[in-house]
Amino acid sequence: MGGEVPATVQGIYDEVLRRNRGETEFHQAVREVLESLAVVLDRHSEYAEMKTVQRICEPERQIIFRVPWQDDRGEVHINRGFRVEFNSALGPYKGGLRFHPSVDLGIVKFLGFEQVFKNALTGMPIGGGKGGSDFDPKGRSDAEVMRFCQSFMTELYRHLGEYTDVPAGDIGVGAREIGYLFGQYKRITNRYESGVITGKGLGWGGALVRTEATGYGAAFFAEAMMEAAGESFDGKRVAVSGSGNVAVHGIEKVHRLGGTVVAASDSSGYVVDEKGIDLDVLKQVKEVERGRIGDYADRVGTASFVPGGSIWDVPCDVAIPSATQNELDGDAAAVLARYGCRYVVEGANMPATPEAVRVFRDAGIAFAPGKAANAGGVATSALEMQQNASRDRWTFEHTEERLEEIMRGIHARCHATADEYGSPGDLVLGANVAGFLEVAEAVHAHGLV
């Protein structure tokens, strides 16, 4: 990671840079996959001849559109909407919508590219896509968010469908936004097409465990990693960055599996609680009051708040970065290594920089990339689609059982593929190669399309 791109794929990478100028996150995501694929191209010459890698690096469709809307004072705002339908070889495009000021085409393409491989690893029949807008829902009223979502869907609806493209939520898009988006889709199309969007409310087609799925899935994946090394969560100190949906439910499941989460964070800083994060207080602060992480320390006597700084300064056995891309850099990785961290599991999408991953590898720290470790969210979205298609609703226990089965299956595939391709224990290579092979086989079967 972060070293020389193998000569076998250097030309492909150069072409991606030339055709996608300035899209640094997309370049980073492509490079990370390409570094793993040289061994595949050496073994499978047909992928080089048919330019399979180049075809998978090029989105099937990129949609950019204007989103005009009015705030509560009558002021007009113009945002930009995106949907990148990256690859449909395995099924309809599937991937979230992100509403955040940082969203641009490069971010959406990076997320969509990762989604292709992540979705393939689940073993579910779903392709990869991603979308969103540079709209910021923070501080906006429900009425403003509704007007924005309705304007956004008025353009996007024509590109969606349960057999075409099925979005879900991501940063800035929760149950409220999904409701407004689905309502507008239903209004325009005159169809109650439940399977067109996932992350829905439980009373109108949503699935149990969907809210918890990404955090729970990362914890299940971490447990599978430890079991492969003859260990468990028992007695382990865990640091989880973030305090949003993924982090909160990751903390919840880690505690149930026997670990102790001693630190959590948000953009204002981090808290340390040696007794273990009190989940009820954290949920009250973040989910009910939408407050800052410092409010947690004000209410819990055993906790201390550190404004700013890095949560990775807290000694831990297991680190689960669950906030956003590139939050854990090489310096932070070196601190984790120095303090004896042994497992790093990506709860967010690409939160560790290439330099950080290189530090983990050199230090012998077991590292799980997001496309494998945080696939629980999209896997449960696919389970929601199954329930919608059959007009059924499963119990929480049954859905969670399916989720754990899928996450353990992903770990087993990554582990076995790394062995088969000469890099035992390298879950980055295992995830990239296993995901690529699944997509490449379908791409070839469908001909040159």
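Each remark here, short or long, concerns the structure printed above.
Nothing here was measured: the structure is a model prediction, and the numbers come from that model.

Analysis parameters
- The residue count restarts for each chain, going from 1 along the sequence in the order it is written.
- In keeping with the predicted nature of the model, local features appear solely for residues at pLDDT of at least 70, side-chain atom pairs appear and are counted solely at 80 or more, and the whole-chain, interface and lining totals rest on all residues.
- Calculated side-chain values reflect all of the structure's heavy atoms, with hydrogen atoms and water omitted.
- Salt bridge, as used here, is a side-chain nitrogen of Lys or Arg placed within 4 Å of a carboxyl oxygen of Asp or Glu.
- Each helix is a run of H or I in the DSSP string that is no shorter than four residues. Each strand is a run of E no shorter than two, and both are numbered from the N terminus.
- To sort residues, take the accessible area from a 1.4 Å probe on protein chains only and compare it with the maximum for the residue type: under 20% means buried, over 50% means exposed, and anything in between is partly exposed.
- Two cysteine sulfur atoms form a disulfide, by the criterion used here, when they sit within 2.5 Å.
- Between any two strands, pairing holds if DSSP finds at least two bridges.

**Quick word on the pattern of salt bridges**
In step 1: Summed over the entire model, instances satisfying the criterion amount to 33 salt bridges.
In step 2: Notably, a salt bridge pairs Arg408 with Glu223, separated by 2.9 Å at the nearest N-O pair. Here the residue Arg408 occupies a position in helix H16 (residues 396-420), and Glu223 occupies one in helix H8 (residues 213-228), the gap between them amounting to 185 residues.
In step 3: Owing to a relative accessible area of 26%, Arg408 belongs among the partly exposed residues under this scheme.
In step 4: Its relative accessible area of 13% is what places Glu223 among the buried residues.
In step 5: Residues Arg237 and Glu274 are paired through a salt bridge, measuring 2.6 Å at the closest nitrogen-oxygen approach. Of this pair, Arg237 sits in strand E6 (residues 237-240) while Glu274 sits in the loop between strand E8 (269-273) and helix H10 (279-288); the two residues are 37 residues apart in sequence, bridging distant segments of the chain.
In step 6: For Arg237, a relative accessible area of 25% translates into the label partly exposed.
In step 7: On the basis of relative accessibility, which here comes to 49%, the residue Glu274 falls in the partly exposed class.

**Looking at the state of the cysteines**
In step 1: Tallied over the entire structure, the rule returns zero disulfides.
In step 2: Its sulfur unpaired, Cys57 is 19 Å from the next cysteine sulfur, which belongs to Cys414.

**Some points on the pairing of strand E2 (residues 76-87)**
In step 1: With nine of 12 residues buried, E2 lies mostly within the body of the structure.
In step 2: Note: strand E1 (residues 61-70) against E2, 10 bridges, orientation antiparallel. Directly across from Pro68, in E2, lies its bridge partner Ile78.
In step 3: Two successive antiparallel strands, E1 and E2, enclose a turn made up of five residues, where Gly74 displays a positive phi of approximately 90 degrees.
In step 4: Pairing of E2 with strand E4 (residues 128-133), which is carried by six bridges, proceeds in the antiparallel orientation. Each residue of the ladder has a partner; that of Phe82, found in E4, is Gly132.

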